[in-house]
Amino acid sequence: MLSFAGVLGLLAIGIVTIVFATPAVSTTGKTQSHDRGPDSCTPVIIAHRGASGYAPEHTLGSYSLAITMGADYVEPDLVMTKDRHLISRHDNELGLTTDVANHTEFADRYRTQKIDSNEVSGWFTEDFTLAEIKTLRAIERIPDIRPGNARMDGAFQVITFQEIIDLVKSLQISQRRTIGIYPEIKHSNHFKKLGLPMEELVVNTFHQNGYLDSDAPVYIQSFEINNLKELKKITNLRLLQLYDSKSLEPADQVLLGANITYGSMSTPEGLAEVAKYASAVGPDKSYIIPRNADNSLGDPTSFVADAHAVGLKVHPYTFRAENTFLPEEYQSDNPSKGARGDLTGELQRYIGAGIDGLFSDQPDIPLRIRGPCL
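Scoring rules and cut-offs
- Residues numbered from 1 in each chain as written.
- Predicted model: local features only at pLDDT ≥ 70, side-chain atom pairs only at ≥ 80, totals over all residues.
- Heavy atoms only, no water.
- Helix = DSSP H or I, 4+ residues; strand = E, 2+ residues; numbered from the N terminus.
- Rg over C-alpha atoms; globule rule 2.2 N^0.38 Å.
- Buried < 20%, exposed > 50% of the residue type's maximum accessible area, 1.4 Å probe, protein only.
- Contact = heavy atoms within 4.5 Å.
- Areas by Shrake-Rupley, 256 points an atom, 1.4 Å probe, with all protein chains shown as cover.
- Lys, Arg positive; Asp, Glu negative; His and termini not counted.
- Charge placed at Lys NZ, Arg CZ, Asp CG, Glu CD.
- Arc of directions from axis to C-beta.
- Pairing = 2+ DSSP bridges.
- Phe/Tyr/Trp six-rings, centres within 6.5 Å; stacked < 30°, edge-to-face > 60°.
- Lys NZ or Arg CZ within 6 Å of the ring centre and 35° of its normal.

### Here we look at the overall build of the protein chain
Consideration 1: Assigned secondary structure in the protein chain consists of 14 helices and 13 strands.
Consideration 2: Computed over the C-alpha atoms, the radius of gyration of the protein chain is 20 Å, within 12% of the 21 Å expected from 2.2 N^0.38 for a compact globule of 374 residues.
Consideration 3: Burial analysis of the protein chain (374 residues in total) assigns 55% to the buried set.
Consideration 4: Of the contacts made within the protein chain by residues no fewer than 6 positions apart, 69% connect residues no fewer than 24 positions apart.
Consideration 5: Approximately 15200 Å² of the protein chain is accessible, and the part contributed by carbon and sulfur atoms is 53%.
Consideration 6: Distance between charge centres in the protein chain, computed from 35 positive and 47 negative side chains, equals 3 Å.

Set out below in structure tokens:
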């Protein structure tokens with residue numbers, strides 16, 4: 001019998017064939033030509049970096065698997081190459097998610113720089129052309145927690161934003177449903193300072209592929225504020241404001257000395273300001289149900305109700321099945337870091353709190369809870 005990695009590899013090879021053999025799809029992705037759209041059912045299930053609990057994140061295998069599982073949206077993180085191509089990586093540092101360290105021809109690219117007020121060492125996408133990036137292979141970012149994924153190290157290329165759109169448009173024909181795309185613009189201010197702004201390129205890429213209006217199956221997300229306000233001026237596509245820990249400030253606001261924290265943005269007044277430019281908010285899930293001192297789940301907050309009161313959808317992140325990420329009461333007895341607990345139990349608590357959607361590394365689990373979506 002084929003291993004799971006082998007099956008996934010064959011799936012990815014088949015998908016590559018489909019993507020590059022299928023003529024470009026000119027539809028906007030609106031739902032009239034398919035049985036249903038990504039916002040047809042609640043909660044909306046967003047495949048976080050693809051089905052990243054089962055395959056290395058941001059790869060053709062991960063996105064393909066998420067779509068065939070039935071995820072409503074796939075979520076790529078976007079960064080930029082030095083020749084202005086959008087690629088899908090969790091960060092612009094390549095060492096954690098690719099085999100760049102094994103490429104002696106790139107050894108001299110290793111350096112240290114400041115990104116969003118943090119010193120980071122490694123190899124950075126902005127120092128590579130797309131052609132050079134394409135010589136690298138993806139590896140699992142957290143192999144100690146997901147050793148099964150690490151068995152697929154080297155199986156997949158780094159892919160571009162356009163390749164993800166091509167994949168989605170091809171698969172939604174066979175899936176007979178509209179599949180959404182939910183990109184996050186990473187390190188916006190950092191790339192702007194390098195003369196590599198991403199916002200207009202992301203919008204142009206969507207618009208050129210027929211995604212034009214607020215009813216398109218798209219959200220564009222960011223942890224920063226000003227780039228979302230900039231996007232609001234140049235596109236009607238929906239925007240989502242991400243929220244990090246309450247004590248932290250958005251990277252662009254730190255540079256401005258604005259003294260705006262994510263905590264202040266989570267108050268009723270702060271949410272009302274966000275609603276002026278965003279359609280939804282993506283908080284760390286602790287904003288919805290915080291954890292107690294013993295790592296168990298506490299009581300729900302008013303965040304969902306406050307967001308709904310100003311017209312914002314609420315899509316918290318990130319739901320993961322491994323014990324490492326679960327509240328105490330939903331962890332299994334297996335002491336292994338990668339052992340899986342009761343994600344279903346945790347999800348039911350959050351769905352009961354009224355969320356509109358969620359990001360998950362294992363999208364099949366919330367999809368099973370939600371049941372058939374017609």
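### Some remarks on helix 7 (residues 199-208)
Consideration 1: Restricting attention to buried positions, one finds in helix 7 the residues Glu-199, Val-202, Val-203, Thr-205 and Phe-206. Buried residues along helix 7 cover an arc of 160 degrees about the axis, so they all sit on one side. In this structure, helix 7 carries Glu-200 and Gln-208 as exposed residues pointing more than 90 degrees from its buried face.
Consideration 2: Immediately beyond the C-terminal end of helix 7, within one or two residues, lies Gly-210, with a positive phi of roughly 90 degrees.

### Topic: the sheet that holds strand 2 (residues 73-75)
Consideration 1: With respect to topology, four strands assemble into an open sheet ordered 7-2-1-13, the strand pairing being parallel. The open sheet has two edge strands with one neighbour each: strand 7 (180-181) and strand 13 (357-360).
Consideration 2: Of the strand pairs in this sheet, strand 1 (residues 44-48) and strand 2 are connected by three bridges, and their pairing is parallel. Paired with His-48 across the strands is Glu-75, a residue of strand 2.

### Digging into the side chain of Asp-364
Consideration 1: Note on placement: Asp-364 falls in helix 14 (residues 364-370).
Consideration 2: In this view, Asp-364 contacts Tyr-54 and Met-69; residues no more than four positions away in its chain are not counted.

### As for the pairing of strand 3 (residues 77-80)
Consideration 1: Here strand 3 shows two buried faces, one formed by Asp-77 and Val-79 and the other by Leu-78 and Met-80.
Consideration 2: Bridge count for strand 3 against strand 8 (residues 184-185) is two bridges, and the pairing is parallel. Looking at strand 8, one finds that Leu-78 is bridged to Ile-185.
Consideration 3: Sheet analysis places strand 3 next to strand 4 (residues 86-88), joined by three bridges and oriented antiparallel. The residue bridging Met-80 from the neighbouring strand is Leu-86, located in strand 4.
Consideration 4: Adjacent in sequence and paired antiparallel, strand 3 and strand 4 are bridged by five residues, among which Arg-84 carries a positive phi angle near 65 degrees.

### Overview of unusual backbone geometry
Consideration 1: At the junction of Thr-42 and Pro-43, the peptide bond is cis and its omega measures out at 0 degrees in the coordinates.
Consideration 2: Positive phi, normally seen in glycine, also occurs at Asn-295, with a value near 75 degrees.
Consideration 3: Along the chain, Asn-295 falls in the loop between strand 11 (280-283) and helix 12 (303-309).
Consideration 4: Judged by relative accessible area, which is 27%, Asn-295 ranks as partly exposed.

### Things to note about the environment of Ala-278
Consideration 1: Mapped onto the elements of the fold, Ala-278 is located in the loop between helix 11 (268-274) and strand 11.
Consideration 2: When its relative accessible area of 7% is taken as the criterion, Ala-278 is described as buried.
Consideration 3: Residues Ala-278 and Gly-311 lie 33 residues apart in sequence; the distance between their C-alpha atoms is 9.6 Å.
Consideration 4: In contact with Ala-278, other than residues within four places in its own chain, are Leu-239, Leu-240, Gln-241 and Leu-312.

### Considering the packing of aromatic side chains
Given two aromatic rings, one states the distance between the centres and the angle between the planes to describe the pair.
Consideration 1: By the definition in use, this model includes 15 aromatic pairs.
Consideration 2: Judged by centre distance (6.4 Å) and plane angle (85 degrees), the rings of Phe-223 and Tyr-262 are edge-to-face. Taken as a pair, Phe-223 in the loop between strand 9 (219-222) and helix 8 (226-234) and Tyr-262 in helix 10 (residues 262-265) lie far apart in primary sequence, 39 residues in all.
Consideration 3: Since its relative accessible area comes to 24%, Phe-223 is described here as partly exposed.
Consideration 4: Accessibility expressed as a relative area gives 3% for Tyr-262, which makes it buried.
Consideration 5: Between the aromatic rings of Tyr-243 and Tyr-262, the centroid separation amounts to 6.2 Å while the plane-to-plane angle is 50 degrees, which identifies the pairing as tilted. Of this pair, Tyr-243 sits in strand 10 (residues 238-243) while Tyr-262 sits in helix 10, placing them 19 residues apart in sequence.
Consideration 6: In this structure Tyr-243 comes out as buried when scored by relative accessible area, which is 0%.
Consideration 7: Each member of the aromatic cluster is reached from another via a ring pair, and the members are Phe-223, Tyr-243, Tyr-262, Tyr-287, Phe-303 and Tyr-317.
Consideration 8: In this arrangement the basic side chain of Arg-238 is found over the ring face of Tyr-219, its NZ or CZ atom lying 4.1 Å from the centre.

Spatial relationships are all this shows, so hold off on functional conclusions.
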